[in-house]
Amino acid sequence: MNATAYIALWLLLLASATIAVTFGPADISPTEVWTTILHHLGLVPESPVSRLRDAIVWDLRLPRVIAAMGVGAGLALAGAVMQALTRNPLADPYLLGLSSGAALGAVTLVVLGYALFVPVGAFVGSLAALGLALLIAQLLGGATPVRAILAGISISALASAMTSFIIFWSATGDSYREILSWLMGSLSGSGWPDAVLVLVSLVVCAPVMLVSARGLDAFAFGEKSAASLGVDVVRLRWTLLGASALLTGVMVAIGGAIGFVGLVVPHAVRLAVGSRHGRLLPLSMLVGAIFMLWADTLARTVFDPRELPVGIVTALVGAPAFLLILMRFRRVT
Amino acid sequence: MEGLKVARVNISRGGKGIVVDAAFSAPAGKVTGLVGPNGAGKSTLISAIVGLERPEAGSLAFEGADLTAMGRRERAAICAYVEQSASTEERLGVSDVVALGRIPHVSAWTAGLGHDDEAIVAGALEKVGMAEFATRQFNTLSGGEQQRVHIARALAQEPRLLVLDEPTSHLDIRAQLQVLHLLGDLAQAGGTVLLALHDLNLALRFCDWLVVLHAGGVVAEGPPADVLGEDLLAQVYGVRARLIGGPSGPVIVYEGTV
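This one's a predicted model, so the numbers in the text were calculated from it and none came from an experiment.

Student: Sorry, what's going on with the overall build of chain A here?
Tutor: On a plain count of helices and strands, chain A comes out with 14 helices and zero strands. Tracing chain A from N to C terminus, the helices and strands come up as α-α-α-α-α-α-α-α-α-α-α-α-α-α. Here the C-alpha atoms of chain A give a radius of gyration of 20 Å, agreeing with the 20 Å that 2.2 N^0.38 yields for 333 residues. Buried residues in chain A amount to 50% of all 333 residues. The contacts of chain A with a sequence gap of at least 6 include a subset with a gap of at least 24, amounting to 73%.

Take a look at the structure:
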């Protein structure tokens, strides 16, 4: 089943991406999409596609589609890793205060009038929250997962309260809408720099996580059992936490706090193929990418010309879809 | 018979000695029982033997090699550990669980298990009598079946030393007997088996060698029937007991507390 499923999902991803680029106010055919891509890659010297349509494909839609796929893959991967690492089915990539910290950083910059630097604020905010949570856990007597989660909860609550305070006190009109759309998660306005940043963070972090798949398997029966199998539990935990945090930090900076994907995609994949991480992690990435791509495409096209924050769509489409999956597999849960 | 040699091992927590100058041996080809009342330090000593904890002093030697000087994977390829009961929320098949035992032997960079590994996994399930359960979900098994799968996982590590921490405590009597018979077979095949046990009658019946731990130190070591005298039971466990001859060896009858 393995190879076939991978090939099928890759083809589905490629087809979805092509179709997603054709969706939008200007009608563009799949042929035009690929001609434009190949032209920009230097494989088709003379493109018959007009400059305007070329720009719509290459400058507007393609980077956004790539960013969506990358963010979906990254969040699903980070979620699967966090769930395994903490042995907590409710864990998601934002555990340990990452999203609330990012929100505080982003909102602060919006209110101060530096809306352009929101991604920087979000990234710094997320890592600061994580660092603070781990520091507190360490001061409590050693950063065990339980202490880290508890410290993360308190940091998260604090950062959320400060965010709400800032919004309540000083946000007006446009900045209010901007903040709200960021908080719900949105990929609107993603360009090549965003897409490249997402891809680079995946290229850097994902291999570290994928190579640790067997170590994560060993966590199934807890840390003691993992250690007795020769796994360096402490090193693995910090390496993976670092990689997930970095990856999530970038995803939050680009897309805002997009919920649901990192929590639910790994569960759905686990129900279908079981918990072996050698299969679970790469399949979660693929499914996360496809899911996010369609969620974002719906977000930007359904109420055209108005855009929905993609976080609304991921939950609106994802929750019923996940319930269906739960029903389908109810015998085994 | 060389086996495991524990010499003057000390482990303390918060300044309090949990294991104090513990010394004993577990011979190869025999089932060695580690008994003692709650808080005697059995689990801590076992943690040190399997490498979950570093002893502050003392030595742990197996077949002449220093266990504490080995790398994690090297050690895990020699010594396997089975917990009291280990459950999981993960969706894993029985053979997936047993395959975990191949982790110390397989590089992280190879994608799947080789044919040799799969044969070892299948062989381990065969040995514990769980071959027909290979494709079942681990979570759907009974406690005794799960424990046998854990032992198969440990066997898939191809250990020469198998250490178990009260592997029978949560099992019904039939499952207890199955597990203990299985451990006897493994020792017969030349392995060194060390297990912590609560039930002294089972220890009398199934262990070839017995080590009694009391307040962190070893107070007696030897063949079970020689070790478990009425004085020792009074002194270590605080119980009045009589040993009476049964059809398959002596049996302890408890009469009350001291």
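Moving on from the model shown.
Student: In this structure, what is going on with the environment of B:Gly101? I would like to understand it.
Tutor: Residue and element names in this part refer to chain B. When you line up the elements, Gly101 lands in the loop between helix H3 (94-99) and helix H4 (115-127). Here Gly101 falls in the buried class, since 26 other C-beta atoms lie within 10 Å of it. Counting along the chain gives 53 residues from Gly101 to Ala154, while the straight-line C-alpha distance between them is 5.8 Å. Setting aside chain neighbours within four positions, we find Gly101 in contact with Ala124, Arg153, Ala154, Leu155, Ala156 and Gln157.

Student: Can you help me understand the sheet that holds strand S4 (residues 57-62) of chain B in this one?
Tutor: Paired through backbone hydrogen bonds, the strands of a sheet run either parallel or antiparallel to each other. Residue and element names in this part refer to chain B. The sheet built from four strands is open, its strands ordered S2-S1-S4-S5 with antiparallel pairing. Pairing within the sheet leaves two strands with one partner each, and these edge strands are strand S2 (16-26) and strand S5 (65-66). Relative to S2, strand S1 (residues 4-13) runs antiparallel, the two being bridged by seven bridges. Residue pairing in the sheet places Leu4 in a bridge with Ala26 of S2.

Student: Sorry if this is basic, but what is going on with the sheet that holds strand S7 (residues 161-165) of chain B here?
Tutor: All names here are of chain B. On the basis of which strands lie adjacent, the open sheet formed by six strands has the order S6-S7-S8-S3-S9-S10 and mixed pairing. Edge strands, defined here as strands with exactly one partner in the open sheet, are strand S6 (79-82) and strand S10 (217-222). Taking the axes of each pair of neighbouring strands and ignoring which way they run, one obtains an average angle of 15 degrees across the sheet. Looking at chain direction, strand S9 (residues 209-214) and S10 are connected through five bridges and run antiparallel. By the bridge assignment, Val211 is partnered in S10 with Glu221. Running over the sheet, helix H6 (residues 173-188) touches strand S3 (31-35), S7 and strand S8 (192-196) and is turned about 150 degrees from S8.

Definitions and cut-offs
- Residues numbered from 1 in each chain as written.
- Chains lettered and ligands numbered in written order.
- Predicted model: local features only at pLDDT ≥ 70, side-chain atom pairs only at ≥ 80, totals over all residues.
- Helix = DSSP H or I, 4+ residues; strand = E, 2+ residues; numbered from the N terminus.
- Rg over C-alpha atoms; globule rule 2.2 N^0.38 Å.
- Buried ≥ 20, exposed ≤ 12 C-beta atoms within 10 Å, placed from the backbone.
- Contact = placed C-beta atoms within 7 Å.
- Pairing = 2+ DSSP bridges.
- Axes fitted to C-alpha atoms, helices over the stretch in contact; angles between N-to-C directions.

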